[in-house]
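Chain by chain, the residues run as shown.
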Amino acid sequence: MALGRDEVLAIAHLARIGIDDESVEGYARDLSEILSFVEQMNAVDTDGVEPMAHPLDAVQRLRSDGVTESDRREHYQKVAPAVEAGLYLVPRVVE
Amino acid sequence: MNWETVIGLEIHAQLATKSKIFSGASTAYGAEPNRQACPVDLGLPGVLPVLNGEVVRMAVKFGLAVGARIAPRSVFARKNYFYPDLPKGYQISQYELPLVEGGHLDIDLEDGTTKRVGITRAHLEEDAGKSLHEDFHGMTGIDLNRAGTPLVEIVSEPDMRSPREAVAYMKKLHTLVRYLGICDGNMQEGSFRCDANVSVRPEGQAEFGTRAEIKNLNSFRFVERALEYEVERQIDLIESGGEVVQETRLYDVERGETRSMRTKEEANDYRYFPDPDLLPLVVEPAFVEEVRATLPELPDEKRDRFIERYGLPAYDASVLTTTREMADFYEATVKAAGGAAKRAANWVMGDFLGALNKDGLDLQDSPVGSEALGTLVARIEDETVSGRSAKEVFEAMWAGEGDPDAIIEAKGLKQVTDTGAIEAVVDQVIAENPQQLEQYRGGKTKLLGFFVGQVMKLSGGKANPQQVNALLKKKLDG
């Protein structure tokens, strides 16, 4: 499976990665090669094989419903680039 | 052409746990921004989610209440998208293998029939935070208190055929989750919200039309209005030669219309995949049975029992079973009244609910309890007070003037049932109105009302009306 220019740009947008115009072709080639490599899997007969949700053969442990976290807002917000009125500030988003 | 409307709903119900779905931060509503957002909710590197067992128990309870299958093994997946109120860059949800699959809910239609609406699935997921778009020097403020709050997303089949049916389904579900005690149902606080998929098709056509999804409907009234608007919009569009495009639309409350938010082409590609941070969720049959044993009497069962046991009309039984608290209040009232189930129903639904609404009070804040209301009903029943005087007693009870017996005593509202006493008043009224008596006996029998009125007036409203009527008739016709 070969990826074209538009697909590479769409993937970059979804991942919020900025890429130079001249490197698009290189990414297209590399990604296509990765896909071809993975496509070898299609040759394997997987009928009757249950899809694996996790590599560990274990089940989810549950915790009891209790509040164990105390308010440490000031501490956490020390690493934030911008805060105001207890809010984390981010570049303006408008949908 | 006649058009048929097709609606399916996705309802997000916030599960009423103390802590979040994957962290030990509090879910209490109304805290200052980010006071309840821990490193897991903030999406800091190196943290791991740990599933809250109560969330699983509540979702299983829901599944059992709608007759669904509880998946013995379900899987959490990452739904990837970038938005600052979701700092991890993905929402943990369930995709291919949800916890609850295939159930149904019966809704009552206006024509008195019942309709079964299919429930496709219900899956667990975490809520996102909140973006505040007020101006923070050209930036957006993010509050992550809500991030990680447990949600169950309940997806219906496209079984509803009108906005009314959609609202009926939503209300029924709202009642159910509160009965189960798994969601507080507070729509203003966002604990119960709805997205609707809507399409229209020519009547008789088997395939569905192209649908639009309307996001974030957070009141019953808005759901109905938004759907009505959207159905109308789609029909107008098609009839004028246009085509409905698959898109997400937002309901604008102020303008009463839906508008496009994003089209299918712009739709996110969520790139779901199993979350490697969480192992498959296994629910043992013994656990399911344990939860089943905790199921309360469900709304439909309660309504049927009210009809059966108290001899109530279906309408009364439905109103009285809207919430568990209301149903309990009614039953306690009947008990205190020593029976008189229909009269008790009238009082609870009439004067009592009316007074609650008027004062904007919740049931638990009512100044009149079931014991007192039941006593009042009993006093009407045993003819201590007339129905009319009882309203006065009730008002005094509501104003905190004491229990019904004390008020009846203090206000002298005790009904006169002593035949001798009533007869004296009747005789007096007849003697004082010879002209009317003559007219009555001359055939103008409508004047009976006049005499009843005079007797009631003279007795200060305390004479038993049935006795007054009977006595008057006897004497006038005499």
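Residues numbered from 1 in each chain as written. Chains lettered and ligands numbered in written order. Predicted model: local features only at pLDDT ≥ 70, side-chain atom pairs only at ≥ 80, totals over all residues. Heavy atoms only, no water.

With that settled, the discussion passes to the pattern of salt bridges. Working definition: two side chains of opposite charge can pair if their charged atoms are close together. Residue and element names in this part refer to chain B. The final tally for this structure, using the stated rule, is 45 salt bridges over all chains. Across the pair glutamate 32 and arginine 35 runs a salt bridge whose closest N-O atoms are separated by 3.4 Å. The partner of glutamate 289 in a salt bridge is arginine 292, and the shortest N-O contact between them spans 3.0 Å. Placement of the pair is glutamate 289 and arginine 292 together in helix 5 (residues 285-292), with a separation of 3 residues, close to one helical turn. (Salt bridge = Lys/Arg side-chain N within 4 Å of Asp/Glu carboxyl O. Helix = DSSP H or I, 4+ residues; strand = E, 2+ residues; numbered from the N terminus.)

Let us now look at the packing of helix 13 (residues 419-432) of chain B against helix 15 (residues 448-458) of chain B. All names here are of chain B. Relative to each other, helix 13 and helix 15 sit at 125°, their axes nearing to 9 Å. The orientation of helix 13 with respect to helix 15, classified from their angle, is oblique. Judged by the twist between their axes, the crossing of helix 13 over helix 15 is right-handed. Judged by residue contacts, Val425, Val426, Gln428, Val429 and Ile430 of helix 13 engage Phe451, Gln454, Val455 and Leu458 from helix 15. When its residues are assigned to classes, the contact of helix 13 with helix 15 shows 7 nonpolar, 2 polar and no charged. (Axes fitted to C-alpha atoms, helices over the stretch in contact; angles between N-to-C directions. Parallel < 35°, antiparallel > 145°, perpendicular 65-115°, else oblique. Left-handed = near helix turned anticlockwise from the far one by under 90°. Contact = heavy atoms within 4.5 Å. Nonpolar A, V, L, I, M, F, W, Y, C, P; charged D, E, K, R; others polar.)

By convention, interface size is frequently given as the accessible area that disappears when the constituent parts associate. Residues and elements named next belong to chain B. Along its sequence, chain B is organised into domain 1 (3-290), domain 2 (299-410) and domain 3 (419-477). When each unit is reduced to the centre of its C-alpha atoms, the spacing between domain 1 and domain 2 is 37 Å. Tallying the contact residues gives 8 residues for domain 1 and 9 residues for domain 2. Surface buried jointly by domain 1 and domain 2 totals about 690 Å² across both partners, of which 49% is contributed by carbon and sulfur atoms. On inspection of domain 1 and its partner domain 2, the count reaches 2 salt bridges. A salt bridge links aspartate 300 to lysine 172; its shortest N-O distance comes to 2.8 Å. Linking domain 1 with domain 2 are 4 residue pairs in polar contact (both at pLDDT 80 or more), by the criterion used here. (Domains from an automatic or database assignment. Buried area = accessible area lost by both parts, 1.4 Å probe. Polar contact = N/O pair within 3.5 Å; in protein donor to acceptor, adjacent residues only side chain to side chain.)

Taken together, the 36 residues of chain A in the interface contact 54 residues of chain B. When chain A packs against chain B, the two sides together hide about 3,900 Å² of surface, and 58% of this comes from carbon and sulfur. Per-residue buried area on chain A facing chain B is highest for Gln60, Arg63 and Asp65 of chain A; these three make up 19% of the total on that side. If you look at where chain A meets chain B, you find 4 salt bridges. As a salt-bridge pair, arginine 73 of chain A and glutamate 32 of chain B come within 3.9 Å of each other at their nearest N and O atoms. Residue composition of the side of chain A that touches chain B, by class: 17 nonpolar, 7 polar and 12 charged. Here 4 bridges tie strand 2 (residues 87-91) of chain A to strand 9 (residues 139-143) of chain B, and the two strands are oriented antiparallel to one another. The residue bridging proline 91 of chain A from the neighbouring strand is methionine 139 of chain B, located in strand 9 of chain B. (Pairing = 2+ DSSP bridges.)

In this section: the nonpolar core. Residue and element names in this part refer to chain B. Membership of the largest hydrophobic core comes to 66 residues, with the highest contact counts inside it found for Leu9, Phe62, Leu99, Ile154, Tyr169, Met170 and Phe192. In this structure, leucine 99 is in contact with Val56, Ala59, Val60, Arg69, Ile70, Ala71, Ser74, Gln94, Ala122, Leu124, Leu281 and Val283, ignoring residues within four places of it in sequence. Grouped together as the second largest cluster of nonpolar side chains are 37 residues, Tyr310, Phe329, Ala345 and Ile380 included. (Core = buried A, V, L, I, M, F, W, Y, C linked by side-chain atoms within 4.5 Å. Buried < 20%, exposed > 50% of the residue type's maximum accessible area, 1.4 Å probe, protein only.)

A surface patch of nonpolar side chains, amounting to about 450 Å² of accessible area, comprises Ile34, Phe37, Val38 and Met41 of chain A. Topologically, isoleucine 34 of chain A is positioned in helix 2 (residues 24-39). (Patch = residues over 30% accessible without salt bridge, like charges linked within 9 Å, V, L, I, M, F, W, Y side chains within 5 Å. Areas by Shrake-Rupley, 256 points an atom, 1.4 Å probe, with all protein chains shown as cover.)

Residues and elements named next belong to chain B. Of all the 5 residues making up strand 9, 4 are buried; the element is thus mostly covered by neighbouring parts of the structure. Across 4 bridges, the pairing between strand 8 (residues 130-136) and strand 9 is antiparallel. Following the sheet pairing, phenylalanine 136 is matched in strand 9 by methionine 139. In textbook terms, the turn of a hairpin is the stretch between consecutive antiparallel strands, and for strand 8 and strand 9 this stretch comprises 2 residues, one of which, histidine 137, has a positive phi near 50°.

Attention shifts here to helix 11 (residues 387-398) of chain B. Residue and element names in this part refer to chain B. Over its 12 residues, helix 11 runs 16 Å from end to end, which matches the ideal 16 Å to within 8%, given 1.5 Å per residue. Regarding helix 11, the residues found buried are Ser389, Ala390, Val393, Phe394, Ala396, Met397 and Trp398. On its buried face, helix 11 sits against helix 9 (341-359), helix 10 (370-381) and helix 12 (404-410). Just downstream of helix 11, glycine 400 is the residue with a positive phi angle, here 80°. (Expected span 1.5 Å × (residues − 1).)

So, on to the environment of histidine 174 of chain B. Residues and elements named next belong to chain B. Residue position: histidine 174 is located in helix 3 (residues 163-180). On the basis of relative accessibility, which here comes to 9%, the residue histidine 174 falls in the buried class. Along the sequence, histidine 174 and asparagine 433 sit 259 residues apart, while their C-alpha atoms lie 61 Å from each other. Among all residues touching histidine 174, those that are not within four sequence positions of it are Gly185, Met187, Phe192 and Phe220.

Moving on, we come to the side chain of serine 26 of chain B. Here serine 26 of chain B shows up in the loop between strand 1 (3-14) and helix 1 (39-42). Looking at serine 26 of chain B, its side chain comes within polar contact range of the main-chain nitrogen of alanine 28 of chain B, at 3.0 Å. Sequence-distant contacts of serine 26 of chain B, defined by excluding residues within four places in its chain, comprise Val67 of chain A together with Lys18, Lys20 and Gln36 of chain B.

Read across the open sheet, the 4 strands follow the order 1(A)-2(A)-9(B)-8(B); overall the sheet is antiparallel. Edge positions in the sheet fall to strand 1 (83-84) of chain A together with strand 8 of chain B, since each has one partner strand and no second.

So, about the state of the cysteines. Residues and elements named next belong to chain B. Applying the stated criterion across every chain, the model contains 0 disulfides over all chains. For the unlinked cysteine cysteine 194, the closest cysteine sulfur is that of cysteine 183, found at 13 Å. Taking the relative accessible area as the measure of exposure, cysteine 194 reaches 0% and is therefore buried. (Disulfide = S-S within 2.5 Å.)

Residues and elements named next belong to chain B. Tallied over the entire structure, the rule returns 14 aromatic pairs over all chains. Taking the centre distance of 6.0 Å and the plane angle of 80° together, the rings of phenylalanine 352 and tryptophan 398 count as edge-to-face. Of this pair, phenylalanine 352 sits in helix 9 while tryptophan 398 sits in helix 11, and the two are 46 residues apart along the sequence. Residue class for tryptophan 398 comes out buried when judged on its relative accessible area of 14%. Taken together, a centroid distance of 6.5 Å and an interplanar angle of 90° make the contact between tyrosine 440 and phenylalanine 451 edge-to-face. Of this pair, tyrosine 440 sits in helix 14 (residues 434-441) while phenylalanine 451 sits in helix 15; the two residues are 11 residues apart in sequence, bridging distant segments of the chain. Phenylalanine 451 shares its class with tyrosine 440; the two are buried. Aromatic rings pair up to connect Phe329, Trp347, Phe352, Phe394 and Trp398 into one cluster. (Phe/Tyr/Trp six-rings, centres within 6.5 Å; stacked < 30°, edge-to-face > 60°.)

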